[in-house]
Amino acid sequence: MEKYSPHEIEKKWQQKWADEKIYKTEMNPERKKYYVLEMFPYPSGNLHMGHVRNYSIGDVLARYKTMEGFNVLHPMGFDAFGMPAENAAIKHGVKPSDWTYSNIDNMKRQQREMGLSYDWDREVETCRPEYYRWTQWMFELFYRRGLAYKKKASVNWCDTCGTVLANEQVIDGKCWRCDSDVRKKDLSQWFLKITDYADELLKDLDLLKGWPDRVKTMQENWIGRSEGAEFSFDVPDFQEKIPVYTTCPHTVFGVTYVVLAVEHPLVEKLIQGRENEAEIRAFMDETRNMSELERTSADSEKKGMFTGAYAVNPFNGKRVPIWITNYVLYEYGTGAVMGVPTHDERDWMFAAKYGLEKILVVNNPEGTLSLDTMDNAYVDPGVLVNSGAFTGMDSEKAKGAIIQWIVDHNIGQRKVNYRLRDWLISRQRYWGAPIPVVYCPHCGEVLVPEEQLPVKLPENVKFEQGSVSPLAQCSDFVNCTCPKCGGPAKRETDTMDTFICSSWYYMRYTDPDNATMPFAKDKVNYWAPVNQYIGGIEHAILHLLYSRFFTKVLRDAGLVGFDEPFTNLLTQGMVIKDGSKMSKSKGNVISPEEIIAHYGADTARLFILFAAPPERDLEWSDQGVEGAFRFLNRVWRIVGQFAATVKNAPDVYDVKALTKEEKELRRVLHVTIKKVTEDIRDRFMFNTAISSIMELVNAFYVFQDKPEINAGLLREVTLDLIKILAPFAPHITEELWSDIAGQGSVHQQQWPAYDPAAMVQDEVEIVLQINGKVRGKLVIDAALDREAMEQAALEHPRVRELVAGKGIVKVIAVPKKLVNIVVK
RNA sequence: GCGGCUGUGGCGAAAUGGCAGACGCGCUAGCUUCAGGAGCUAGUGAUGGCAACAUCAUGGUGGUUCGAAUCCACUCAGCCGCACCA
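Residues numbered from 1 in each chain as written. Chains lettered and ligands numbered in written order. Predicted model: local features only at pLDDT ≥ 70, side-chain atom pairs only at ≥ 80, totals over all residues. Heavy atoms only, no water.

J.: I would appreciate a short explanation of the overall build of chain A in the present structure.
T.: On a plain count of helices and strands, chain A comes out with 27 helices and 34 strands. In terms of overall dimensions, chain A has C-alpha extents of about 105 × 85 × 50 Å along its principal axes. For chain A, buried positions account for 55% of its 824 residues. Long-range pairs, those at least 24 residues apart, make up 73% of the contacts in chain A with a sequence separation of at least 6. Roughly 36600 Å² of accessible area belongs to chain A as shown, and the carbon and sulfur atoms make up 49% of that amount. With 101 positive and 114 negative side-chain charges, chain A shows a separation of 1 Å between the mean positions of the two kinds. (Helix = DSSP H or I, 4+ residues; strand = E, 2+ residues; numbered from the N terminus. Buried < 20%, exposed > 50% of the residue type's maximum accessible area, 1.4 Å probe, protein only. Contact = heavy atoms within 4.5 Å. Areas by Shrake-Rupley, 256 points an atom, 1.4 Å probe, with all protein chains shown as cover. Lys, Arg positive; Asp, Glu negative; His and termini not counted. Charge placed at Lys NZ, Arg CZ, Asp CG, Glu CD.)

Following this line, the structure appears as structure tokens:
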């Protein structure tokens, strides 16, 4: 028998699969579809182990579902716009497009070497004009629906990347990509109105039964819905009003001051001409210059200054001082807050620091609180005190009553607020989809007409370190004619956040070559939503939230007929080595290419699926890889040993004629088929699926020196073994299949069914317990009922010995499992 | 502070109310081989014992139960997310 040589086999089959296009998929409304998708990669140039894990998981599902009879869509593509291509241009003088396409070529080669079942005819690359034309079309769709707008705002700016960032892309005050500090900058930028969908994005999390709770919680936190009231304090000296937002309207009688964010437009008016104006301005500048992290950290010291002005509480006419502070955010609510030191921890600290008045307005249910004994704010429910007509009311009820009072007196209304902000999508970069807008001195902001899309990226641009966006310097690009009046105009020179490109790519896969639409309705509605999406947890908010938003907008525009893009989500764990994430700086990187070159793709895939369940972090082990390789060799040898017999063996045979040992092998086979089926289909527990296949192979080895084994059984075991191993190790199984079965691909076979009759055991070993402790074992007829089991247990010599002289309180018998005798 | 996840042999892990540690790695022994870091077979949680066997053991403490890694309460440790959002 020939040795198992993965390289020859893998190369041969990869070629054949590609030539014969066995993974090509067509829409077929007659058939049930299944859409399995792995998050497409950024083309950095090389696959890493995280990719290998991601694609291995997806490939098992795709192959399994195909064998189950589904019409499976399993595509791949590249999230090809982004900064690194531009950095390469600056550093090495290569064109971003050349750099990107050569990286894509290399990664595609590596993906092919993994033996993944992609329909490559559906590949999508977001940097191709054929694709970004539709990204720009999407922008225009949003614009026309009033969901894209330009405004001047204080935005997150990363100096290293030379561009702005969305809120979701700032992690702990640092840039998500390069980890450098983010600072605020006032710029006029494009936004998508994701806040219009805040409530639905929150509510529809309930529809996502197949998503991990963790991800849903993160999105829920991010959206940050809160309910309360918005109403105004009068500032009679200036004939102004200060609207405030509060989630605790029941504490209004405890207000002793009002605070404004330093950016609040009213501040200017209030402080003008004050004797300490210069001092106040210095404080404002200081606050404005704080980093995002300092400014929003809960531990930062709360500082403020009195403006010298007063506001009037509409509930009791009380005059309270107006302060400015570093702890109120201008972007949230109204940028102004009512200060209630007794019932808000921050206000307590602030009041304590500056000696502001405190009034108790909510007492605890026992009524034992008093200002003299309190040492921090009381924030729990209770009973209102010192609250005029509302005194004595339960605090929860008072919320509603006070809101009603606000509405009745026409000073405000019930209000829901979100932490979520609109999505800032402008990027001052070259390598992205240009925003298809023209600025005309006469017509203003004008969309590039649909038929003129795409607005193509110019090729003749210069890349220099630290300079402004290359597009802004490219006069051929900037200067254009106004589509409306035909006069001279200038193009928008910012490109779109690459997260826009990835917010709809999974829909493009359903109709990738469409030149007249982003995708045809019948195709997208046949294939989408994605049944199973697989990727890293790092996109819990970013990509996954944006894609949900896009889906809802496209639905409202009538382009798609579903509410959510990804029905089920699997978040895979990281691949780690020596306890920490693989990284160049730690020198613990294992290259997939080397592993595949050494052991073959089947071994790499098998190991990575076997070493841990998909959601958990996976510790890389070189010895574990050896073990996977050894297992495939074992399969190769045992199948090879019997190959000749199996080829000539009958498909049908008399099961009753099997020996006891043969029957046991057949039982293990069917138990394994059931286990593997359920582990893949219901639990994604590929590790236990593989371990049960290993057990089957171990059981098979009992017959290695027994050529007299029933040929029919031998054929059944061998063929089914190859089939159930096929999703995990596609090449070796294809080779064995072609050798034995002779025709067709194993990957197009039907998944084996298990026969419950074959799984029945005549005899089972049960455990005998006395007071819950194992005291013996007994092999009995599996069909025995409870009484018979009890009987058998009580006759067991050791049990008799231990029970002798004691009173039996109770006997519990569980068929096929155990008998527990409770004695005293 | 709020929310979530994870704690099981020397290691990766199984077991979701019924024999804790399946399967794999590592280790030990035997067989096989000219030899092997190849292959096959067997053993392998700890402690005590010649042994049968017993006791202990799933981060900790309590509880529910005939029976708990599994359910409940509290608690410790590690990781992750959000965090001055009024």
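J.: I keep staring at the packing of aromatic side chains and nothing clicks. Help me out?
T.: Any two aromatic rings considered together are summarised by their centre-to-centre distance and by the angle between their planes. This structure, assessed with the given rule, holds 51 aromatic pairs. Taking 6.4 Å as the distance between ring centres and 80 degrees as the angle between the ring planes, the aromatic pair formed by Tyr55 and Tyr118 counts as edge-to-face. Residue Tyr55 is found in helix α2 (residues 49-67), and its partner Tyr118 is found in the loop between α4 (96-113) and β4 (124-125); the two are separated by 63 residues along the sequence. Neither Tyr55 nor Tyr118 differs from the other in exposure class; each is buried. Between the aromatic rings of Trp323 and Tyr354, the centroid separation amounts to 4.9 Å while the plane-to-plane angle is 50 degrees, which identifies the pairing as tilted. Pair noted here: Trp323 is in strand β14 (residues 319-325) and Tyr354 is in helix α11 (residues 345-354), with a separation of 31 residues, a long-range link. Each member of the aromatic cluster is reached from another via a ring pair, and the members are Phe142, Trp176, Tyr197, Trp423, Phe499, Tyr546, Phe549 and Phe550. Here the basic side chain of Lys358 rests over the ring of Trp348, its NZ or CZ set 4.0 Å away from the ring centre. The ring of Phe703 is capped by Lys706, whose NZ or CZ atom sits 5.7 Å from the centre of that ring. (Phe/Tyr/Trp six-rings, centres within 6.5 Å; stacked < 30°, edge-to-face > 60°. Lys NZ or Arg CZ within 6 Å of the ring centre and 35° of its normal.)

J.: Please clarify how the sheet that holds strand β28 (residues 575-577) should be interpreted in this entry.
T.: Within a sheet, each strand pairs with its neighbour through backbone hydrogen bonds, oriented either parallel or antiparallel. The 3 strands are arranged β29-β28-β30 in an open sheet whose pairing can be described as mixed. Each end of this open sheet is capped by a strand with a single partner; those strands are β29 (580-581) and β30 (618-619). Direction of pairing for β28 relative to β30: parallel, over a ladder of 2 bridges. By the bridge assignment, Ile576 is partnered in β30 with Glu619. (Pairing = 2+ DSSP bridges.)

J.: Looking at this structure, I do not really get the environment of Asp511. What am I missing?
T.: Mapping Asp511 onto the fold places it in the loop between α15 (505-508) and α16 (521-527). A C-alpha to C-alpha distance of 46 Å links Asp511 and Ser297, two positions 214 residues apart in sequence. Among residues more than four places away in sequence, those in contact with Asp511 are Arg122, Pro518, Phe519, Ala520 and Lys523. A polar contact of 2.7 Å, which involves the side chain of Asp511, links it to the backbone nitrogen of Ala520. (Polar contact = N/O pair within 3.5 Å; in protein donor to acceptor, adjacent residues only side chain to side chain.)

J.: Can you help me understand the pattern of salt bridges in this one?
T.: Between side chains of opposite charge, a pair can form as their charged atoms come close. If you walk through the whole model with that rule in mind, you get 50 salt bridges. One salt bridge connects Asp59 with Arg63, and the closest N-O pair in it is separated by 2.8 Å. One end of the pair is Asp59 and the other is Arg63, both in helix α2 and 4 residues apart, which spans about a single turn. With respect to class, Asp59 is no different from Arg63; both count as buried. For Asp199, the salt bridge is made with Arg225, and the minimal N-O distance between the two is 3.1 Å. Taken together, the residues span a long stretch of sequence, with Asp199 in helix α6 (residues 198-203) and Arg225 in the loop between α7 (213-223) and β10 (226-235) at a distance of 26 residues. Judged by relative accessible area, which is 37%, Asp199 ranks as partly exposed. A residue is classified by how much of its surface remains accessible, and Arg225, at 35% relative accessible area, is partly exposed. Ionic contacts of the salt-bridge type, sharing partners, join the residues Glu200, Asp204, Arg548, Lys552, Arg555, Asp556, Asp563 and Glu564 into one network. (Salt bridge = Lys/Arg side-chain N within 4 Å of Asp/Glu carboxyl O.)

J.: Explain the sheet that holds strand β5 (residues 148-158) to me, please; I cannot follow it from the model alone.
T.: A sheet is described by the order of its strands in space; here 4 strands give the open sequence β6-β5-β9-β19, paired in antiparallel fashion. With one partner strand each, in any of the chains shown, β6 (163-165) and β19 (423-424) form the two edges of the open sheet. By the bridge criterion, 11 bridges tie β5 to strand β9 (residues 182-192) in an arrangement that is antiparallel. Bridge pairing links Ser154 to Asp186 in β9.

J.: Would you take a moment to explain the environment of Gln704 for this structure?
T.: Its location among the elements puts Gln704 in the loop between α22 (686-701) and α23 (711-725). For Gln704, a relative accessible area of 32% puts it in the partly exposed group. Between the alpha carbons of Gln704 and Ile638 there is a distance of 6.8 Å; along the sequence they are 66 residues apart. In contact with Gln704, other than residues within four places in its own chain, are Ile638, Gln641 and Phe642.

J.: Would you mind showing me how to read the protein's contact with RNA strand B here?
T.: Lining the immediate environment of RNA strand B, one finds 59 residues, of which Thr296, Lys302, Tyr332, Arg346 and Asn820 sit closest. Sugar and phosphate atoms constitute 69% of the interface atoms of RNA strand B, taking the interface as everything within 4 Å of the protein. A distance of 3.4 Å is found between a sugar or linking oxygen of RNA strand B and a backbone nitrogen or oxygen belonging to Tyr245. For RNA strand B, a sugar or linking oxygen lies 2.9 Å from a polar atom in the backbone of Tyr327. With 7 residues, α22 is the single largest residue contributor to the surface near RNA strand B. Classifying every residue of the surface near RNA strand B by side-chain character gives 20 nonpolar, 18 polar and 21 charged. (Near = heavy atom within 4 Å. Nonpolar A, V, L, I, M, F, W, Y, C, P; charged D, E, K, R; others polar.)

J.: What exactly am I supposed to notice about the nonpolar core here?
T.: The nonpolar side chains of soluble globular proteins are, as a tendency, buried together. Core analysis: the biggest nonpolar cluster contains 188 residues, and Trp423, Phe549, Trp620 and Phe728 have the highest contact counts within it. A domain-level breakdown of this core finds at least three residues from each of domain 1 (136-219 + 423-498) and domain 3 (621-759). The residues touching Phe549, leaving out its near neighbours within four places in the chain, are Phe142, Leu192, Lys193, Ile194, Tyr197, Leu201 and Trp423. Ranked by size, the runner-up nonpolar core spans 43 residues in total, among them Phe233, Val244, Leu260 and Leu266. (Core = buried A, V, L, I, M, F, W, Y, C linked by side-chain atoms within 4.5 Å. Domains from an automatic or database assignment.)

J.: What exactly am I supposed to notice about the domain arrangement of chain A here?
T.: For chain A, the assigned domains read domain 1 (136-219 + 423-498), domain 2 (226-417), domain 3 (621-759) and domain 4 (763-823). A C-alpha centroid distance of 36 Å is found between domain 1 and domain 2.

J.: Any chance you could explain the pairing of strand β22 (residues 444-447) here in plain terms?
T.: Looking along a regular strand, one sees the side chains alternate between the two faces of the sheet. When strand β21 (residues 437-440) meets β22, the two strands line up antiparallel, connected through 4 bridges. Following the sheet pairing, Val437 is matched in β22 by Leu447. Between the end of β21 and the start of β22, which pair antiparallel, lie 3 residues.

J.: Looking at this structure, how should I read helix α5 (residues 129-144)?
T.: Within an α-helix, residues lying three or four positions from one another point in the same direction, as the helix has 3.6 residues per turn. Between its first and last C-alpha, α5 extends 22 Å over 16 residues, near the 22 Å set by a 1.5 Å rise per residue. Those residues of α5 not exposed but buried are Tyr131, Tyr132, Trp134, Thr135, Gln136, Trp137, Met138, Phe139, Glu140, Leu141 and Phe142. Positive backbone phi, at 75 degrees, marks Gly146, one or two positions downstream of α5. (Expected span 1.5 Å × (residues − 1).)

J.: Even after reading the chapter, I still don't get unusual backbone geometry, so can you show me in this structure?
T.: Negative phi values dominate among residues other than glycine, just as trans dominates among peptide bonds. Between Leu453 and Pro454 the backbone carries a cis peptide bond, its omega angle lying at 5 degrees. Inspection of the secondary structure puts Pro454 in the loop between β22 and α13 (475-478). Here the bond from Ala528 into Pro529 is cis, since omega is 0 degrees, no more than 30 degrees from zero. Secondary-structure assignment places Pro529 in the loop between α16 and β26 (530-536). Not every positive phi belongs to a glycine, and Asn386 is a case in point at roughly 50 degrees. Along the chain, Asn386 turns up in the loop between β17 (383-384) and α12 (395-408).

J.: Teacher, can you tell me more about α2 here?
T.: Across its 19 residues, α2 extends 27 Å between first and last C-alpha, which sits within 8% of the 27 Å expected from 1.5 Å per residue. Burial analysis of α2 places 18 of its 19 residues in the buried class, which makes it a mostly covered element. The first or second residue beyond α2 is Gly69, which carries a positive phi of 105 degrees.

J.: Would you explain the pairing of strand β27 (residues 566-572) in this entry?
T.: Within β27, 5 of the 7 residues are buried, leaving the element largely enclosed by the surrounding structure. Where β26 lies against β27, 6 bridges are found, and the strand directions are parallel. From the neighbouring strand, Gly536 faces β27, where its bridge partner is Gln572. Since β26 and β27 lie parallel, the crossover through helix α17 (residues 542-556) that links them has a hand, and here it is right-handed. (Right-handed = clockwise from strand over helix to strand, strands pointing away.)

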